[in-house]
Each structure stands twice: as structure tokens, then as C-alpha cells.
Amino acid sequence: MIIIWGWRAIRKVLGSGRFFCPQCGGDTDYKHLALRRWFTIFFIPIIPLKDLGTCVECSRCRTAFTERVLDVTTLEVFAHHQGLANRAVVAHLVSLSPPVDDTTVGEGLLALASAPGVRDGYDGEALSADVSFFADPGAVAAYLRPIAAEMTIEGREEFLRRMIVLVARLPHAGPSAGLAIEHVAAALAVSPAHLAGIRQHVQSGAPAAGGDL
Amino acid sequence: MIPAPPEGASVLFNPPPGWAAPAGFDPRRGHLVDPAWPSAPEGWAFWLPDASAGREHAALPSTTLRPTQAEARSVRLRNRLIVVGAVVVVVGIGLAAWAGLASSSNQPGAGSCWGGSSEWLHEVPCSSAEADYVAVGRTASPDECPYTSDTYLDLGDAILCLEPN
């Protein structure tokens with residue numbers, strides 16, 4: 001009688017989801033895998049042997065990564081957070097410039113019209129709701145935190161430039177709005193000297209250097 | 001407020017109706033809820049079992065597809081059948097080996113007693129009055145029998161050396 005025996009790596013799917021694949025350069029599905037070597041008889045796994053560890057596998061290119069790859073947000077989630085951060089700061093600045101009349105709301109909507117991540121159809125009613133929610137500086141800080149670590153320097157500069165322009169255009173903006181800009185810069189890890197340079201750049205009327213990413 | 005997922009379970013986030021959550025949105029990874037999204041219905045299940053979780057072979061083409069819940073159930077059923085089949089195979093091999101050993105141990109050997117006519121011997125209890133001969137060895141040929149053995153029994157695959165009892 002012939003007995004066919006051997007070893008085989010069997011993988012167990014621990015979970016799945018969507019991630020940013022560094023190899024593909026875009027958002028794809030992934031599988032979180034645990035691998036273990038098994039002793040097989042007639043190709044049937046009988047005895048579990050060595051634990052081969054865990055990995056994250058891209059469903060498109062099949063490249064395996066360590067779990068740290070999941071720390072990077074997907075492009076879609078980054079855009080979602082970017083839109084929220086823009087709305088949060090604009091709404092907070094509007095809340096610091098009472099009364100919130102049509103002109104103030106109009107300036108806020110104008111600032112958000114060119115902001116990335118803000119959905120089409122965002123209107124005055126939506127901004128009024130955001131003003132109520134983001135009047136609290138703690139809420140603004142919480143919604144800035146996710147993008148602070150992932151935004152490029154140029155993106156932070158463009159973000160702050162947009163807010164500085166808004167404060168300059170708000171009819172009732174007081175010193176508290178300027179102070180809020182400093183808090184936003186600190187949350188984005190932009191130094192006071194760097195912020196002063198951006199302010200100077202805006203006041204000189206120079207065009208923006210780049211995008212918001 | 002999104003409740004924490006059950007510990008140890010493979011689950012996926014299930015956004016409530018009206019939530020325009022981007023693909024890959026997962027509160028466990030620090031993703032934030034849009035304050036404009038409506039409240040979730042009472043008792044909404046924010047976490048659903050991940051149907052793709054389970055065991056699979058690295059080389060199977062099914063690994064390229066995300067299984068639906070029905071497929072996941074059939075995969076689990078198949079895995080159970082494989083485990084049951086493996087157990088049956090192992091038990092079968094064990095039983096066959098045991099049966100082989102048992103049959104070989106039942107073959108007559110030294111110490112067995114034989115009686116009957118000189119041409120047609122058959123195995124009998126040693127306490128029987130018919131026990132005319134006692135086997136003193138099992139060899140491949142009559143020449144290998146001890147000199148005290150003057151009779152032998154040809155079993156076909158072996159020679160049983162006999163002495164008068």
C-alpha cells in the first residue's frame with residue numbers, strides 16, 4: 001500500500017477589508033491571513049505543525065505585507081477626512097464671526113467650494129448644522145487629527161492658506177478667528193514661523209504653490 | 001455612538017442607512033463619522049460577521065473571489081467533510097494495520113498442538129487427548145527444524161516443526 005504524505009501551508013483568513021496597496025498605488029481589497037504548516041496524508045491536512053505567522057495580502061497583486069500597511073488610510077477615507085477637516089475649520093471660523101448671516105455663510109460656502117473632499121450639494125443648511133457642531137474647539141481638533149499625520153507640507157500650507165483667506169473675507173471676524181488659525185496650524189504641526197510665512201504669502205497675493213494633498 | 005465590535009470575532013463594519021461611508025471605512029482604524037449623517041435606527045447591527053473569514057488552501061482559485069455568505073457556508077461544510085474524511089482515512093488505516101497484525105498473530109506457531117492422522121493434522125487444544133504433536137518452531141524449510149523434531153507440517157508459506165507430545 002502506498003501512502004502519500006507531505007507538508008502543506010494552509011492559510012486561515014482572519015478578516016478582510018479595503019486598504020491602500022503600496023504596490024498597486026491605489027485602494028484595493030485585502031485579506032488578513034494566518035499561515036500554518038500542516039502534515040498531510042493523501043493531501044489531506046492531518047496534523048498542524050509550525051505557525052508561519054500572519055500577513056496582509058493584496059487581492060489584486062497578491063503581494064504580502066506586514067500589518068503595519070493597514071495604518072495608512074485609503075485614498076477614499078483620506079478624502080473623507082479631508083472634507084470633514086475643511087468643513088470643521090470653516091464652520092468653526094464662521095461660528096467665531098457672529099452674527100452668522102447670509103454673507104458669512106456665503107463666504108464659508110465659497111471657501112468650501114474649492115476644498116477637496118467636500119461633497120457636491122453642500123449648502124447653507126449643511127454649513128449651519130456644521131457651525132453648531134464645530135463651535136466646540138475640541139471637536140475641530142478631533143477632526144483635524146486623522147489628516148495631520150498624513151497630509152504633505154504643501155497640503156497643510158494650502159489648507160491654512162484657504163482658512164486665512166476666509167478669515168480675511170469674513171465681515172465680522174475678530175481676533176478669536178485669527179487665534180483659531182494658530183490652533184489649527186498647531187494641530188497640523190505647522191510652526192508659528194511657518195504660519196507667519198504663509199500669512200505673508202497670502203497677504204502678498206501670490207498664487208498657491210500646489211494642491212491640497 | 002458606534003459600539004465596540006465583539007472581541008475575537010472577525011467582523012465588518014455595517015454602515016446604517018443614509019451613511020455615505022467611503023469604501024474601507026472602519027471606526028476601529030480611527031475613521032471619523034460625519035456629524036451630518038443621520039442617527040442609526042434603534043438596535044442597528046453595526047458589526048456583521050466577516051463571511052470571508054475561515055480556512056482556505058493557498059492554491060485554490062476560490063481564494064481570488066470574495067465568497068458570499070452562502071459560499072462561505074458551503075466552504076465551511078466542505079472543510080468539515082474534509083476533516084471527517086481525514087478521520088475516516090486515519091481510522092481505516094489504523095484498523096487495517098491492526099487487522100494485519102491480528103491475522104499474523106493468529107497463524108499457528110511454536111507451542112501450538114496438533115492431532116489427527118499422520119496425513120491430515122489439525123490444530124487441537126494442548127490439553128486435549130488428541131494432541132499428538134507440539135510445534136517447537138516455525139521455519140522457512142524443513143532443514144532448519146531442530147534435530148529433535150522428526151515431523152513437520154507444511155503450511156504453504158512456512159514450515160511448522162513438530163515433536164511428539
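The rules behind each value
- Residues numbered from 1 in each chain as written.
- Chains lettered and ligands numbered in written order.
- Predicted model: local features only at pLDDT ≥ 70, side-chain atom pairs only at ≥ 80, totals over all residues.
- Heavy atoms only, no water.
- Helix = DSSP H or I, 4+ residues; strand = E, 2+ residues; numbered from the N terminus.
- Buried < 20%, exposed > 50% of the residue type's maximum accessible area, 1.4 Å probe, protein only.
- Areas by Shrake-Rupley, 256 points an atom, 1.4 Å probe, with all protein chains shown as cover.
- Polar contact = N/O pair within 3.5 Å; in protein donor to acceptor, adjacent residues only side chain to side chain.
- Contact = heavy atoms within 4.5 Å.
- pLDDT = per-residue confidence, 0-100.
- Buried area = accessible area lost by both parts, 1.4 Å probe.
- Salt bridge = Lys/Arg side-chain N within 4 Å of Asp/Glu carboxyl O.
- Pairing = 2+ DSSP bridges.
- Axes fitted to C-alpha atoms, helices over the stretch in contact; angles between N-to-C directions.
- Disulfide = S-S within 2.5 Å.
- Core = buried A, V, L, I, M, F, W, Y, C linked by side-chain atoms within 4.5 Å.
- Patch = residues over 30% accessible without salt bridge, like charges linked within 9 Å, V, L, I, M, F, W, Y side chains within 5 Å.

Caption draft 1: Region of interest: the overall build of chain A. The number of helices and strands found in chain A is 7 helices and 4 strands. Each helix and strand of chain A, placed in order from N terminus to C terminus, yields the pattern β-β-β-β-α-α-α-α-α-α-α. Each principal axis of the C-alpha atoms in chain A carries an extent, and together these give about 90 × 35 × 25 Å. Within chain A, the fraction of its 213 residues that count as buried is 44%.

Caption draft 2: How the structure looks around the overall build of chain B. Within chain B one finds 1 helix and 8 strands. Helices and strands in chain B line up, N terminus first, as β-β-β-α-β-β-β-β-β. For chain B, with 165 residues in total, the buried portion stands at 26%. Accessible area for chain B stands at about 10400 Å²; split by element, carbon and sulfur atoms hold 60% of it.

Caption draft 3: The arrangement of the side chain of Ser97 of chain A in detail. All names here are of chain A. Inspection of the secondary structure assignment puts Ser97 in the loop between α1 (75-95) and α2 (102-113). Exposure remark for Ser97: the relative accessible area of 0% places this residue in the buried category. A polar side-chain atom of Ser97 sits 2.9 Å from the main-chain carbonyl oxygen of Leu93. Apart from residues no more than four positions distant in its own chain, Ser97 is found in contact with Thr104, Leu170, His172 and Ala173.

Caption draft 4: The confidence of the model for chain B, seen in detail. For chain B, the average pLDDT comes to 80, and 85% of its residues sit at 70 or higher. Per-residue pLDDT stays below 50 along residues 59-67 of chain B; that stretch engages in 17 contacts with residues further than four places along the chain or on separate chains.

Caption draft 5: Quick look at the interface of chain B and chain A. If you look at the interface, chain B gives 33 residues, while chain A gives 37 residues. Each partner contributes to the roughly 2900 Å² buried at the junction of chain B and chain A, and carbon and sulfur atoms together form 57% of this total. The interface formed by chain B and chain A holds 1 salt bridge in total. Two residues, Asp34 of chain B and Arg87 of chain A, come together in a salt bridge whose shortest N-O distance is 2.7 Å. Scanning the region where chain B abuts chain A turns up 9 residue pairs in polar contact (both at pLDDT 80 or more).

Caption draft 6: A look at the sheet that holds strand β5 (residues 121-124) of chain B. All names here are of chain B. Ordered by their spatial adjacency, 5 strands build an open sheet running β5-β4-β6-β8-β7, and the pairing between neighbours is antiparallel. Each edge of the sheet is formed by a strand with only one pairing partner; in this case those strands are β5 and β7 (151-154). Within this sheet the neighbouring strands show an average axis-to-axis angle of 40°, counted without direction. As paired strands, β7 and strand β8 (residues 159-164) are joined by 4 bridges and run antiparallel to one another. Bridge pairing links Leu153 to Leu160 in β8.

Caption draft 7: Quick peek at the state of the cysteines. Residues and elements named next belong to chain B. With the rule as written, the count across this model stands at 2 disulfides over all chains. With a sulfur-sulfur separation of 1.9 Å, Cys113 is cross-linked through a disulfide to Cys126. Between Cys113 and Cys126 the sulfur-sulfur dihedral comes to about 100°; the bridge is accordingly right-handed. Of this pair, Cys113 sits in strand β4 (residues 113-116) while Cys126 sits in the loop between β5 and β6 (133-139), and the two are 13 residues apart along the sequence. The buried category is assigned to Cys113, whose relative accessible area is 3%. Two residues share a disulfide in this structure: Cys145 and Cys161, whose sulfurs sit 1.9 Å from each other. Looking along the S-S bond of the Cys145-Cys161 disulfide, the torsion reads about -80°, which is the left-handed sense. Linking Cys145 in the loop between β6 and β7 with Cys161 in strand β8, this pair joins segments that are 16 residues apart in sequence. With relative accessibility at 0%, the residue Cys161 sits in the buried group.

Caption draft 8: View of the pattern of salt bridges. Applying the stated rule across the entire model yields 8 salt bridges over all chains. Through salt bridges with shared partners, a single network forms among Arg11, Glu57 and Arg62 of chain A.

Caption draft 9: Representation of the nonpolar core within the structure. Residue and element names in this part refer to chain A. Among the nonpolar cores identified, the biggest contains 44 residues, and Leu93, Leu144, Phe159 and Leu188 are the most heavily contacted of them. If you list the elements that add at least two residues to this core, you get α1, α2, α3 (124-133), α4 (137-148), α5 (153-169), α6 (175-187) and α7 (192-203). With 9 residues, α1 is the largest single contributor of residues to this core. One finds Cys21, Tyr30, Cys58 and Phe65 within the second-largest nonpolar core, a separate group that totals 8 residues.

Caption draft 10: Main features of a nonpolar patch on the surface. A surface patch of nonpolar side chains, amounting to about 1200 Å² of accessible area, comprises Met1, Ile2, Ile3, Ile4, Trp5, Trp7, Phe42, Phe43, Ile47 and Leu49 of chain A together with Val89 of chain B. Every element with two or more residues in the nonpolar patch is listed here: β1 (5-21) and β3 (44-58) of chain A. Among the structural elements, Ile47 of chain A can be located in strand β3. Assessed through its relative accessible area of 40%, Ile47 of chain A is described here as partly exposed.

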